Amino acid sequence: MAANALLSKVESASFSVPTLPENATVGRRWKFRRNLVIFIASQNGASQRLLADVFDLPHSRIAAIVKEFRTKYAG
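On a predicted model such as this, the values are computed, not experimentally measured, just so you know.

The rules behind each value
- Residues numbered from 1 in each chain as written.
- Predicted model: local features only at pLDDT ≥ 70, side-chain atom pairs only at ≥ 80, totals over all residues.
- Heavy atoms only, no water.
- Salt bridge = Lys/Arg side-chain N within 4 Å of Asp/Glu carboxyl O.
- Helix = DSSP H or I, 4+ residues; strand = E, 2+ residues; numbered from the N terminus.
- Buried < 20%, exposed > 50% of the residue type's maximum accessible area, 1.4 Å probe, protein only.
- Phe/Tyr/Trp six-rings, centres within 6.5 Å; stacked < 30°, edge-to-face > 60°.
- Core = buried A, V, L, I, M, F, W, Y, C linked by side-chain atoms within 4.5 Å.
- Contact = heavy atoms within 4.5 Å.

Student: Just checking my understanding: could you explain the pattern of salt bridges for this structure?
Tutor: A full pass over the atoms with the stated rule returns 1 salt bridge. The salt bridge partner of Glu68 is Lys72, with a shortest N-O separation of 3.2 Å. Separated by 4 residues within a single helix, Glu68 and Lys72 lie in helix α4 (residues 59-73), roughly one turn from each other. Judged by its relative accessible area of 29%, Glu68 falls in the partly exposed class.

Student: Can you walk me through the packing of aromatic side chains in this structure?
Tutor: The way to describe two aromatic rings as a pair is by their centre distance and the angle between their planes. Taken as a whole, this structure holds 3 aromatic pairs when the rule is applied. Among the aromatic residues, those joined into a cluster by ring pairs are Phe32, Phe39, Phe69 and Tyr73.

Student: Please explain the nonpolar core as it appears in this structure.
Tutor: One recurring pattern in soluble globular proteins is that nonpolar side chains are buried together. If you look at the biggest cluster of nonpolar residues, it comprises 11 residues: Phe32, Ile38, Phe39, Leu51, Ala52, Leu57, Ile62, Ile65, Val66, Phe69 and Tyr73. Residue assignment for this core shows that the elements contributing at least two residues are α2 (26-43), α3 (48-55) and α4. For this core, the element with the highest residue contribution is α4, accounting for 5 residues. Excluding anything up to four places from it in sequence, Leu57 contacts Arg34, Ile38, Ala52, Ile62 and Ile65.

Function cannot be read off these values alone, since they describe shape.
This is the structure:
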């Protein structure tokens, strides 16, 4: 039941869909997907400390990723 509620919440959200250029390198695509997962997890309640531990990144980098995606795609 909770999955259906989350799905309807995501489907009804209005935001621009983040995309990369078609000629992006494998590394850039991987990093973009990682950052997108970090942003989505953060928006859904995962703490930045947890994300820093999971992705083995400094807390400051997690904060920068979230800020970047918030300004580019969630506004």
